[in-house]
Every structure is written in structure tokens, then in C-alpha cells.
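# Structural features, examined
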Amino acid sequence: MLLRTENDTQDFAYRLAKELRPNDVLTLEGQLGVGKTTFTKGLAKGLDVKRNISSPTFTIVKEYRGRLPLYHMDVYRLENSMEDIGFDDYFFGDGITVIEWASFIEDFLPKERLDITLCYTGNDNQREITLTPFGEHFEQVVKALS
């Protein structure tokens, strides 16, 4: 699916948020500046988070309160590290976990999750988003968004 603007990216994530439930884990992959944090801002709006969303690059995890808690992780700094910062507390907690650069912690990821890849198309600000569901729940989520 093509996302032509930042607003398209946020609108798509907003709609996705309406399909999510506690313990859902979303991974976000893509180049620097492709819109991972923009995506998370839209997701936060869909979860009724009122605080401003910013990248957790230096803190690794930021927590936000909304209709469901949102745990926003940027694990880029954990590349080549097998450090477990208590991932299960987030993955199997009561909220939604969004993980930027999730491939760096692949061994810790739950089997059921929604993998999201954003990539540049070469046309201005246009991005392509790819959703890869793991588990029946996420297959239903992807169908609902189609």
C-alpha cells in the first residue's frame, strides 16, 4: 500500500490502532527518516494518547497512557547486544508495544506480532508500507485494514 504524505501515514496508523488489543506487538523497520516515529504518532492518536510522541532513541523505551498503554521502543542502540531489558514485561503486559529496529532483538520477539516495513518509493514523500502478520489475530487485523 502507498502512503503519499505524513498525514496518510498517521491516518493509516490511527485506523490500525482501532483494531488492536492488549499485548499486541508491532515491529517497525525502515531506513532512517522513513516515518517510523510519524507512524507511531498516528498510532498514539488512535489510542487516545494526549502527550507528544518523540523517538525514544536515547531512552530505548517511552511509555504513554491512553485507551491502552503504548510502549514505544527504539532498540537501534541494542544492535549486536543480547541484553534483555525486560521485553516480556512490555510484550505480555496490558498495552501495545511498538518496536523500531526490531530486527536487532529478533531473538526476543514474540511469535505473534505484526511486522511493518516502511520504505521510500523514490517519489517525493511517498512511502510503501508492507504488513506481515504472524498469528490469526494479526491476519484479521490486516484484513480489516484492506
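These lines cover the structure that appears in this document, whether it is placed above or below. (Residues numbered from 1 in each chain as written. Predicted model: local features only at pLDDT ≥ 70, side-chain atom pairs only at ≥ 80, totals over all residues. Heavy atoms only, no water.)

## A few points about the sheet that holds strand 7 (residues 127-134)
Each strand in a sheet pairs with another by means of backbone hydrogen bonds, the pair being arranged parallel or else antiparallel. If you trace the 7 strands from one edge of the open sheet to the other, you get 1-7-6-2-5-4-3, paired in mixed fashion. The sheet is open, and its two edges are formed by strand 1 (2-3) and strand 3 (61-64), each paired on a single side. Summarising the sheet, strand 2 (residues 25-29) and strand 6 (residues 113-120) pair through 4 bridges and their orientation is parallel. Bridge assignment links L26 to a residue of strand 6, and that residue is L114. Sitting on the sheet, helix 2 (residues 36-46) is in contact with strand 2, strand 4 (70-74), strand 5 (96-100), strand 6 and strand 7, with an inclination near 170° to strand 5. In the packing of helix 4 (residues 136-145) onto the sheet, contacts are made with strand 2, strand 6 and strand 7, and the angle to strand 7 comes to roughly 145°. (Pairing = 2+ DSSP bridges. Helix = DSSP H or I, 4+ residues; strand = E, 2+ residues; numbered from the N terminus. Contact = heavy atoms within 4.5 Å. Axes fitted to C-alpha atoms, helices over the stretch in contact; angles between N-to-C directions.)

## Regarding the packing of aromatic side chains
Scanning all chains against the criterion turns up 2 aromatic pairs. A ring pair is formed by Y71 and Y90, whose centres lie 5.1 Å apart and whose planes are at 70°; its orientation type is edge-to-face. Here Y71 is found in strand 4, whereas its partner Y90 is found in helix 3 (residues 87-91), with 19 residues between them in sequence. Like Y90, Y71 is buried. (Phe/Tyr/Trp six-rings, centres within 6.5 Å; stacked < 30°, edge-to-face > 60°. Buried < 20%, exposed > 50% of the residue type's maximum accessible area, 1.4 Å probe, protein only.)

## Here we look at unusual backbone geometry
With a phi close to 80°, N23 is a non-glycine residue in the positive phi region. One can find N23 in the loop between helix 1 (6-17) and strand 2. Phi at W101 is positive, roughly 65°, even though this residue is not glycine. By secondary structure assignment, the location of W101 is in the loop between strand 5 and strand 6. According to the relative accessible area criterion, W101 is buried, its value standing at 14%.

## Remarks on the pairing of strand 6
By the bridge criterion, 8 bridges tie strand 6 to strand 7 in an arrangement that is antiparallel. For Y120, the partnering residue across the bridge sits in strand 7 and is R127. The loop that links strand 6 with its antiparallel partner strand 7 comprises 6 residues; one of these, G122, has a positive phi angle of about 95°.

## A short note on the pattern of salt bridges
Pairs can form between side chains of opposite charge once their charged atoms are near each other. Within the structure shown, the criterion is met by 2 salt bridges. The salt bridge partner of E63 is R65, with a shortest N-O separation of 3.9 Å. You can call E63 partly exposed: its relative accessible area is 37%. According to the relative accessible area criterion, R65 is exposed, its value standing at 53%. (Salt bridge = Lys/Arg side-chain N within 4 Å of Asp/Glu carboxyl O.)

## Some points on the nonpolar core
L16, L26, F39, L43, L70 and I96 are the most contacted members of the largest nonpolar core, which totals 28 residues. Of all the elements in the fold, those that place two or more residues in this core are helix 1, strand 2, helix 2, strand 5, strand 6 and helix 4. Discounting residues that sit within four places of it in the chain, L43 has contacts with A13, Y14, L16, A17, L20, L26, L70, I96 and V98. In terms of nonpolar packing, the next biggest core, distinct from the first, is built from 14 residues, M73, V75, Y90 and A102 among them. (Core = buried A, V, L, I, M, F, W, Y, C linked by side-chain atoms within 4.5 Å.)

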